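Working through the structure, step by step
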Number of protein chains: 2
Amino acid sequence: MPKNREAARANLENLYRIFTIPEAPESTLGRVDQAITDDVAGFLQTHIVALERSIEEIEADFSSPCIPEEPTYVSEYTDFVKEKLVAQSVHTAAPGFIGHMTSALPYFMLPLSRIMTALNQNTVKVETSKAFTPLERQVLAMLHRLIYSCDAPFYNRWIHDSRHALGAFCSGGTIANLTALWVARNRLFAPQGSFRGIAQEGMVRALRHLDCDGVALLVSRRGHYSLGKAVDLLGIGRDNLILVETDSRNRIDVGELERELKRLRQERIRPLALVGIAGTTETGNVDPLSQMADLAAEHGCHFHVDAAWGGPTLFSEKNRHLLAGIERADSVTIDAHKQLYVPMGAGMVLFKDPTAQTAIEHHAAYILRHGSKDLGSHTLEGSRPGKAMLVHAGLSIIGRKGYELLIDLGIERARTFAAMVRQHPNFELTSEPELNILTYRFVPEAVQQSFPHATPEQARQLNTLLDQLNQLLQKEQREAGKTFVSRTRLRVADHSGEELTVLRVVLANPLTTAAILEAVLAEQCELVRGEEIAPVLCQLEQICAAIASPCSCAC
Amino acid sequence: MPKNREAARANLENLYRIFTIPEAPESTLGRVDQAITDDVAGFLQTHIVALERSIEEIEADFSSPCIPEEPTYVSEYTDFVKEKLVAQSVHTAAPGFIGHMTSALPYFMLPLSRIMTALNQNTVKVETSKAFTPLERQVLAMLHRLIYSCDAPFYNRWIHDSRHALGAFCSGGTIANLTALWVARNRLFAPQGSFRGIAQEGMVRALRHLDCDGVALLVSRRGHYSLGKAVDLLGIGRDNLILVETDSRNRIDVGELERELKRLRQERIRPLALVGIAGTTETGNVDPLSQMADLAAEHGCHFHVDAAWGGPTLFSEKNRHLLAGIERADSVTIDAHKQLYVPMGAGMVLFKDPTAQTAIEHHAAYILRHGSKDLGSHTLEGSRPGKAMLVHAGLSIIGRKGYELLIDLGIERARTFAAMVRQHPNFELTSEPELNILTYRFVPEAVQQSFPHATPEQARQLNTLLDQLNQLLQKEQREAGKTFVSRTRLRVADHSGEELTVLRVVLANPLTTAAILEAVLAEQCELVRGEEIAPVLCQLEQICAAIASPCSCAC
């Protein structure tokens, strides 16, 4: 069968080609690559189609479950990527897209990412990462010092200690939070006497050992949803994730927290950890960390701070006081792909006590051997890319003062936007910005004026309609593709703590100007007049009319 | 303070610059970028220094825990990266580096990774990923079909179903295995009657509900170390990770497995899952998956297959029979950064039953809302990058037949290398290749000839010295930096099941030729003659001499 043999040889040659011959500069992929190199913002602006196609339409291009039998030309595939994927992706870097936590990236991140990808190191072990291991340890030390400000001898002692690590790199904040709570759990149920620790013996014997009926995690009701996954995974159960009430500014109510701790003790449930939030996902508020640290100390439990969002506020001399108390945390989560401006997929957890991670230490025969400097013996994940390099690059190139500027500008911008919302007759601020996140909603002026005169039932009706209106508004704005805000449900103090649908804005992109913020509001005012939302507006007006001239009959 | 104000303005301008002005082509970073674009292999070859510096020396360049106050010029930082990081990284793509699971990457992966990074999508939710969500769902369906071969109506029904997913993308195999076992645990302890499920109520009440004293995970003693982390995290405890004995070919001993299952039942411990391995990390062997599937069915427990390494063997018509039975697994782990040739940080878990992940479903108020198509409601991780794009690219551009070639070549190459080892007087094969991984060790010819005549004590002494010798050999070869094999500890049937130090070789790089394999062995023969290893050789010779002329006195 010479024909088959010939085809096989051709296949083999093609195969070697993709491993040995670079894409030519004038090839389709080469040109795209060059265009991104020359001007990524321009490339994204040109190639991402603003107007949203429905997800169902997009799915049609990704509906075959069959792996192609034959190879595809790179050029052909690149065309597909351009037309079907890039065109239909989300312009996360656009300065008018202020609804999510993904901002524009500094330009240098792209070529440095290419170096990282080309090197393809695996930081699980020194044998496949060499200098990337000391580098990752250095980055962990830098962030540790940002939080805990230990002295030079401390870092000199611990930074490259083969048996320990100052923290762990993770794919993101969820794994970071989980790692922190895993450590906390294993330290609470550490080996003692004949008990060989929860890692060895499991949850049931661990509880028996400490003579309690359960363990609980306490966080405000604004806690990130990753904590729910963590208590599920760790065998604690969501029943014992205690969501403590917040005050009017979305911060944990310390009195309530104390009452919950007391209740748990009566129920023979041990508090595993208190979780303070430094920048809630939805409103950007910061819990009273010092007071929480006091309570954690009093109850002898782990104090974790989820600073995935707000951690980098520590760069700012003017604003770092907002996180006062974070230095008393046993562990802290910070996401690098948020306010450190690193591409997606980089989080960290730092531990105050450099020996804390001993509680989750593990080894294998082929790697992570005792005494090796392999970072993988203290991480939840196994193989991991060299993302620490990009954090290192950001910290070096932008510097502390550069990040300070970014943080201060964001907080300033949030105040500017809050002022715009407050001054506008048709909007209502539903959470004051503390960091650079805030929420608000569209409430027509007439409705705002009617609220004080409304019966509780009428107020409820108004809010239900306003929920509908704001949900539609967010959807239409997203679909129009020019600007973007997100939405969530929030208990709002001014509305007797009722849970309302609100628009959410995150102001981390340094390219977002005041003019763009004005444009976001202007577009919303316009969209409200569209045919989708008009009927809701009409219903709102009717209720307002009823409030203005209450019916006196017995109906 | 006009001076301060001036400095502040300059800082601000610099800050905007890094977000708005691309690196110039003639800049230091621009030139590195271009060099990688033009010829990544050449770049790595030129810039990675072969000769190993000690890790302590390297650490000196990464020892400051201080975040620089002032910004650094990108060019200055790039020089640092070139000289201190790239130079001291590991040449994972080199065809002579056959000791780890990271191979060379196809060229197109680099520019496509840049597109992915530039787009900076977050696949946790459609709002920040749009087309990347259907794309990820399609890739999961493709891999699902590769394993389970369901029919077109099945995929048509499930591929884009908003309430379900055919699997989950993960940062790697560890998270994939953990996700599979999390699902298995939550399905075993699903809500029933007044019991609201383990996710809600936790491990203690779950065990009480099923009236048992514990749950166990069963895997062969060659199971990946991530399973130890999983039982720890999930509250099961390492005591209940049952490491079943293997047969002479490193495959689980099914008789032993049955005995363990019987023992567990007597001890009132429920088997949570059997884990079959399709390509053990250390020896590349495949468990008898069909027999394990039978046992799992008989005992009503979850059957997970860890095919992180071997999964892509399914691409090969000639070799896929080696994984027979995998289609009966409830869940399967496959790593894309291994034999799908995607850059580090991409794993997957697939579930046979498309509704399985309901057991770990979660929601939040601001994303992952009920009814949304957000993939994040069924993943352990939260924010995740668009890595699915690179898997999609590999499957499309390389195609089924291309991957088949890669797999077949690797298995062929392993057989070639095994033959070389077998024919060489000074090496001993310690595990036959089944896929493309094998182990061997250096054993001088004289020692090989002495073994049959040695007393058990003498054999033990010989093996202890051979362990030392091979450990030193692996270290010296790594430090010389020309080629690389790894090492592990393995029970070897030919040596009465004693655990020995062996050299480990993974043959997945298509650029590794027979000549390179010859060179690896030749270098080892040379290194053994060096001054570090010579004393060990000398001791070995003495024992051989004693075996040849046994002392007849009573000593």
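Model, not experiment: these values are computed from the prediction.

Residue and element names in this part refer to chain A. Here Ala459 is to be found in helix 18 (residues 456-480). In sequence terms Ala459 and His495 are 36 residues apart; their C-alpha atoms lie 8.7 Å from each other. With residues up to four places along the chain from it excluded, the contact list for Ala459 reads Phe451 and Ala454.

Looking now at the sheet that holds strand 1 (residues 167-170) of chain B. All names here are of chain B. Read from one edge to the other, the open sheet built from seven strands follows the order 1-7-6-5-4-2-3, with strand pairing classed as mixed. The strands lining the two open edges of the sheet, one partner per strand, are strand 1 and strand 3 (241-244). Strand after strand, the sheet turns through a mean of 20 degrees between neighbouring axes, direction not considered. One ladder, built from five bridges, connects strand 6 (residues 331-335) with strand 7 (residues 347-351); its direction is antiparallel. Within the sheet, the bridge partner assigned to Ser331 lies in strand 7 and is Phe351. This element, helix 7 (residues 132-148), spans strand 1, strand 6 and strand 7 of the sheet and lies at about 65 degrees to strand 7.

Turning next to the relation of the copies chain B and chain A. Between chain B and chain A, the superposition needs a rotation of 180 degrees and an axial shift of 0.0 Å, giving an RMSD of 0.0 Å. Both copies are brought into coincidence by an operation consistent with a two-fold rotation axis.

Let's shift gears to the environment of Asn285 of chain B. All names here are of chain B. Its place among the elements puts Asn285 in the loop between strand 4 (269-277) and helix 14 (289-299). Here Asn285 falls in the buried class, since its relative accessible area comes to 1%. On a C-alpha basis, the gap between Asn285 and Pro433 in space is 7.4 Å, while along the polypeptide they are 148 residues apart. Not counting chain neighbours up to four residues away, the residues in contact with Asn285 comprise Arg249, Asn250, Arg251, Ile277, Ala278, Gly279, Thr280, Glu432 and Glu434. A polar side-chain atom of Asn285 sits 3.3 Å from the main-chain carbonyl oxygen of Arg249.

Moving on: the side chain of His362 of chain B. Inspection of the secondary structure puts His362 of chain B in the loop between strand 7 and helix 15 (388-397). Using a relative accessible area of 3% as the deciding quantity, one classes His362 of chain B as buried. A polar atom in the side chain of His362 of chain B sits 2.9 Å from the backbone oxygen of Ile360 of chain B. There is a polar contact of 3.5 Å between the side chain of His362 of chain B and the backbone oxygen of Thr379 of chain B. Not counting chain neighbours up to four residues away, the residues in contact with His362 of chain B comprise Tyr225, Lys229 and Arg238 of chain A together with Leu368, Gly376, Ser377, His378 and Thr379 of chain B.

A word on the interface of chain B and chain A. Taken together, the contacts link 166 residues of chain B with 166 residues of chain A. Of the roughly 14,900 Å² buried between chain B and chain A, counting both surfaces, carbon and sulfur atoms make up 65%. The three residues of chain B that bury the most area against chain A are Phe19, Lys130 and Tyr366 of chain B, which together make up 6% of that side's buried surface. For the interface between chain B and chain A, the tally reads 17 salt bridges. Note that Arg185 of chain B and Asp232 of chain A form a salt bridge whose closest N and O atoms lie 2.8 Å from each other.

This part takes up the packing of helix 16 (residues 399-423) of chain B against helix 19 (residues 514-528) of chain B. Residues and elements named next belong to chain B. One can describe the packing of helix 16 onto helix 19 by two numbers: an axis separation of 10 Å at closest approach and a directional angle of 35 degrees. As helix 16 runs across helix 19, the sense of the crossing is right-handed. Facing helix 16, whose interface residues are Arg413, Phe417, Met420 and Val421, helix 19 presents Ala514, Leu517, Glu518 and Leu521. Classifying every residue of the contact of helix 16 with helix 19 gives six nonpolar, no polar and two charged.

With that settled, the discussion passes to the packing of helix 6 (residues 109-119) of chain A against helix 2 (residues 28-38) of chain B. Two elements in contact, helix 6 of chain A and helix 2 of chain B, have axes whose closest approach is 10 Å; the angle formed by their N-to-C orientations is 40 degrees. The angle between the axes of helix 6 of chain A and helix 2 of chain B places the two elements in the oblique class. In the crossing of helix 6 of chain A with helix 2 of chain B, the sense of the turn from one axis to the other is left-handed. Residues Pro111, Leu112, Arg114, Ile115 and Ala118 of chain A of helix 6 of chain A touch helix 2 of chain B, and the partners they reach there are Leu29, Val32, Asp33, Ile36 and Thr37 of chain B. Of the residues that constitute the contact of helix 6 of chain A with helix 2 of chain B, the class distribution is seven nonpolar, one polar and two charged.

Cut-off values and rules
Residues numbered from 1 in each chain as written. Chains lettered and ligands numbered in written order. Predicted model: local features only at pLDDT ≥ 70, side-chain atom pairs only at ≥ 80, totals over all residues. Heavy atoms only, no water. Helix = DSSP H or I, 4+ residues; strand = E, 2+ residues; numbered from the N terminus. Contact = heavy atoms within 4.5 Å. Pairing = 2+ DSSP bridges. Axes fitted to C-alpha atoms, helices over the stretch in contact; angles between N-to-C directions. Least-squares fit on C-alpha atoms with pLDDT ≥ 70 in both. Buried < 20%, exposed > 50% of the residue type's maximum accessible area, 1.4 Å probe, protein only. Polar contact = N/O pair within 3.5 Å; in protein donor to acceptor, adjacent residues only side chain to side chain. Buried area = accessible area lost by both parts, 1.4 Å probe. Salt bridge = Lys/Arg side-chain N within 4 Å of Asp/Glu carboxyl O. Left-handed = near helix turned anticlockwise from the far one by under 90°. Nonpolar A, V, L, I, M, F, W, Y, C, P; charged D, E, K, R; others polar. Parallel < 35°, antiparallel > 145°, perpendicular 65-115°, else oblique.

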